[in-house]
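Commentary on secondary and tertiary structure
Letter by letter, the chains look like this.
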Amino acid sequence: MDYVIRVHASPLDIPAQAWDALLAQQDAPSPFMLHAYLSALHTSESATPHTGWTPKFVTLWQGEALAATSALYIKDHSYGEYVFDWAWANAYADHGLNYFPKATCAVPFTPVPGSRLLATDDKARQALLKAMLDIAQQHELSSLHLLFTSTDDRTACNALGLMQRQTVQFHWHNVDLRGQPFESFDAFLASLSQEKRKKIKQERRRVVDAGVTFRTSVGKDISTTDWDFFYQCYERTYLEHGNAPYLSRAFFERMQHDMPHNWVLFVAEREGAPIASSLVAVQGLGQPQAIAYGRYWGALERVDCLHFEACYYQPLSWCISNGVQRFEGGAQGEHKMARALMPVPTYSAHWLAHPAFADAVERYLERESAGVNHYLEHLAERSPFKRQEPQ
C-alpha cells in the first residue's frame, strides 16, 4: 500500500485531533504522547534544536487520513533519554567516528513505557518505521533509537531487524494477595513483610514528628500559585545537583491550561507554609485501568524521609483511595522495592548504520540481556511482600 510520507519540523504542523485519535487506538497509549504534551515541549522551548532536540516528526497519509506518525528527533547528545548509550558514543569517538547526530524516537525527558509508533495497523506501523530508517540513512545519521517501546512497537522493530535492549523499572500494582485492589493504605502495609512494614511506618512517623502535613490538589484545582511553588521546588532540586532543569516554567503553564486533568499535586506544609511538593501524572482516572506516573519532586527544606513520603507514600495512598491500578516510579531506583514497587522489564530498539559497530553492539546486548534477566530473578527473590503459604 502506498503512503504519502511527510516530515515535520514541529508537532504543531500535525492536526492534534488526528494525532490523538490515532494514539487512542494503540496498545499502550500514555498522556505523554498526547499532541498537547509534545506541543508543550516544543512551544516552551524545552525540546527544540536549541536544547539539542531537533523535531523530525514523521507522518504517513492515505488521502486525508493519518495512517501513522511518530515523535522523531535528531539529537546531538544523549541527555534526557534514560536509556544510556554513552559507552557506544565513546567507542565511536575512540575509533575516530561520529556517533552524533543520531535519531531518537522518544518522549523527551520522559522515561515512561508506551506506544511510540502510532499506526492504524501493523502494515502502517512497519511502513512508518521504514520511513524513519530511510530518514536516518538520508541524513547520514549514525543510528536510530526507539525508547521505552510497547509490544506492538517491538513487533515492528523485530520485523525490520532492529536490535532489542532490555532495562528495568519499578512499578507498584494495586492488588493484594487475593488478587483484589487494596481497601486502604493499612491493608497495603499488611501485605508486606514485617521488616518492610515496620520500616515504612518508621519513615512516615519521622515526617509526622517533624510537623509536616500534606494537601492534595487534582486537575483544575491545582492553582497557579501551587504550580509556581511546585516549579520553585523542581528547579531547586536540579540546581542543587549542578544542572539547569530540563523543563521550563512555560511548559508547566501549558500543562495547567491544556492538560489539567492529567496531574495531581502533593504539597508538604509545615506551620502553614509549603516546603516541598511532588507532581504525579495520571491517565484514565475513574476508569478500571487507571495509571499514575511519579514524575517530579523538589523541596525547599530538608526533612528526614520527606522524599519517600512525598514521592511514594502519599501517591500510593491516593492511588488506593482513587482506584488507580498501577503507579510507575520512573527510571531506575532499586531502593523503590522497599516501598513495594516491583521490578518490570522495559524495552528499547536500536539500529546502527556502521556494520562492525552494529555487530559489536548486538553481541553486547545479548550479554546485557542475560544479565538483566538474572538481575530480575535476583530481585524477585527479595520481594517485600509476605510469603504466600503453599495450598
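What comes next concerns the included structure. Keep in mind it's a predicted model, so treat the numbers as computed, not measured.

Extensive coverage of strand β9 (residues 163–173) is indicated by the burial of 8 of its 11 residues. Across 9 bridges, β9 lies against strand β15 (residues 342–352) in antiparallel orientation. Bridge pairing in β15 links F170 to P343.

Another point: the packing of aromatic side chains. Applying the stated criterion to the full structure yields 33 aromatic pairs. Seen from their ring centres, W227 and F252 are 6.2 Å apart, and the 35° between their planes marks the pair as tilted. With W227 in helix α8 (residues 224–240) and F252 in helix α9 (residues 249–258), the pair connects residues that are 25 residues apart, well separated along the chain. On the accessibility criterion, F252 (0% relative accessible area) is buried. Their ring planes at 80° and their centres at 5.0 Å tell us that F230 and F252 sit as a pair that is edge-to-face. With F230 in helix α8 and F252 in helix α9, this residue pair connects regions lying 22 residues apart in the sequence. The residues F230 and F252 share a single accessibility class, namely buried. In this structure, R204 packs its charged tip against the face of F185, placed 4.5 Å from the ring centre.

Between α8 and α9, the least distance of the axes is 11 Å, while the angle of their chain directions is 145°. In this structure, the crossing between α8 and α9 has a hand that is right-handed. Between α8 and α9, the residues in contact are T224, W227, D228, F230, Y231 and Y234 and R249, F252, M255 and Q256, respectively. Split by residue class, the contact of α8 with α9 holds 6 nonpolar, 2 polar and 2 charged.

Reading guide: rules and limits
- Residues numbered from 1 in each chain as written.
- Predicted model: local features only at pLDDT ≥ 70, side-chain atom pairs only at ≥ 80, totals over all residues.
- Heavy atoms only, no water.
- Buried < 20%, exposed > 50% of the residue type's maximum accessible area, 1.4 Å probe, protein only.
- Helix = DSSP H or I, 4+ residues; strand = E, 2+ residues; numbered from the N terminus.
- Pairing = 2+ DSSP bridges.
- Phe/Tyr/Trp six-rings, centres within 6.5 Å; stacked < 30°, edge-to-face > 60°.
- Lys NZ or Arg CZ within 6 Å of the ring centre and 35° of its normal.
- Axes fitted to C-alpha atoms, helices over the stretch in contact; angles between N-to-C directions.
- Left-handed = near helix turned anticlockwise from the far one by under 90°.
- Contact = heavy atoms within 4.5 Å.
- Nonpolar A, V, L, I, M, F, W, Y, C, P; charged D, E, K, R; others polar.

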